[in-house]
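Architecture and fold: a report
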Amino acid sequence: MHSSEELWTQCVRWLEAELPDKDIATWIRPLHPIASRERLLLLAPNRIVLDRVRQDFLGTIRRAVRASSGETLPEVELAVGSAEVRAPAAPPSTPAAGPEPVLSAAPDDSPVANAPKLDSRFTFSNFIEGKSNSQARAAAQYVGESPGGAYNPLLIYGPTGLGKTHLMHSIGNEIQRRNPQARVAYLFAEQWMSQYVTGVRHGRWDDIKSYYRSVDALLIDDIQFFAYKEKTQEEFFHAFNSLIDSRKQIVLTCDRYPKDVDGIDERLKSRFTWGLSVAVETPDLETRIAILQSKAEASHDMKLPDDVAMFVAQRVRSSVRDLEGALHRLAASARFRGEPLTIEFARTTLKDMLAAYERQVTIENIKRKVADYYNIRVSDLSSPRRTRTLARPRQIAMALAKELTQHSLPEIGESFGKDHTTVLHACRKVAELREQDLKIREDYENLQRQLGF
């Protein structure tokens, strides 16, 4: 039988591939496991967490237990409480019994008791760096070493699942490593809103407000959720000013550049970009391979063969989170089936995921998206005309087809009425322009996102 910690650790890894980061941090990590052969008891810190987990996550947790346990499956139960370990007294002639869990009511009277905590697993040392995130990583490292300095606030933006939250936790952990007395507050924008509503309702907002204005670093994930919440934005505006005036560090993440988020007050948009704004982008092939191999060793204690890592990285391109999901599935299947990790094993195990990716993007789909984006006709992309208004979208469409599909250069060329050398030139030209021309880079990334990458 797994120990409670081992079983629950495996379950959480499985859940991380199924649930958003904010749900993991807010509802899953606060649970404390106590396992026996008959049951897995999960202790929630308070009734709010208990009710939410029972309503929304219990079925998923039970699936995680089935996937993570190779033995007789325990029943999953929930209760409010905390686990304190004590060794019962024993007669001198009798060996001491093992630790016995004691249930006690968990205090929940703190105004921010339900805020998520920093995750110690996320550090700069295990963040995989590539061209897509090198600037963001460097800026985050600087802030972790010199909080309240030049990059304040630090805003990290980009699509979900690309490592923004990892960098945010890394900053908080680095600040506390260098100064264990530092007060670092980390939470999601939705939780700030929830605390505001609850605090006002119960007359406790002044206490919550004082707490956040007293911290040394305030880290808030997903600020796009502040949109159209006027009172929430107003309170955050004042907290923001107070912390900046006190030279306290603020770190924010957003799923896009804040000025592109409708429903956020212009004063806040301006302040969000006072310090430094850096983007994280979809990782390139080499970075995806490195991520897979690093996480296979760190999280699953296994060596992922180079050819299998290449196979998965070529096909799972949208986010780090999807790569982790594919890896969790491979690791679990290999353990249960006792088979070696080969390309054919990966193809069979991930067939549903890979089929979804293949359905998601085709050359024709790419052509339609590019034509819509540039307000031209699909037929224009195969036209012999070489005007700049057509040539550049055509080159971008070819480059996207090469990156996002498994088609060969001749096959892509045939679809556009060109030969393979034209496609190769287009790919090289677009790669060059993405480095030199901000507008081209933004267009390309916008189209990637529209295509689900």
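Residues numbered from 1 in each chain as written. Predicted model: local features only at pLDDT ≥ 70, side-chain atom pairs only at ≥ 80, totals over all residues. Heavy atoms only, no water.

1. Quick look at unusual backbone geometry
- For the bond from Asn152 to Pro153, the omega torsion is 5°, close enough to zero to count as cis.
- Along the polypeptide, Pro153 turns up in the loop between helix 5 (134-145) and strand 6 (154-157). (Helix = DSSP H or I, 4+ residues; strand = E, 2+ residues; numbered from the N terminus.)

2. Quick look at the packing of aromatic side chains
- Overall, the coordinates contain 14 aromatic pairs when judged by the stated rule.
- Measuring from ring centre to ring centre gives 4.7 Å for Tyr142 and Tyr151, while their planes differ by 50°; the resulting arrangement is tilted.
- Residue classification places Tyr151 among the partly exposed positions, given a relative accessible area of 29%.
- Seen in terms of ring centroids, Tyr373 and Tyr374 are 5.1 Å apart; in terms of plane orientation they differ by 75°. Their pairing is edge-to-face.
- Here Tyr373 falls in the partly exposed class, since its relative accessible area comes to 26%.
- Three or more aromatic residues link up through ring pairs in this structure, and these residues are Trp192, Tyr196, Trp205, Tyr211, Tyr212, Phe226, Phe236, Phe240, Phe272 and Trp274.
- Cation over ring: Arg121 sits above Phe122, and NZ or CZ is 5.3 Å from the ring centre.
- If you follow Lys367 out to its NZ or CZ, it ends over the ring of Phe416, 5.0 Å from the centre. (Phe/Tyr/Trp six-rings, centres within 6.5 Å; stacked < 30°, edge-to-face > 60°. Buried < 20%, exposed > 50% of the residue type's maximum accessible area, 1.4 Å probe, protein only. Lys NZ or Arg CZ within 6 Å of the ring centre and 35° of its normal.)

3. A short note on the pattern of salt bridges
- In the structure shown here, the tally under the stated rule is 25 salt bridges.
- The residue Asp265 makes a salt bridge to Arg267 at a minimum N-O spacing of 3.2 Å.
- Under the relative-accessibility criterion, Asp265 is labelled partly exposed at 34%.
- Residue Arg337 is joined to Glu339 by a salt bridge in which the shortest nitrogen-to-oxygen separation is 3.4 Å.
- By relative accessible area, Glu339 is classed as partly exposed at 38%.
- Bridged by salt links that share partners, the residues Glu16, Arg29, Asp119 and Arg121 form one connected network. (Salt bridge = Lys/Arg side-chain N within 4 Å of Asp/Glu carboxyl O.)

All quantities given are derived from atomic positions and should not be read as evidence of function.
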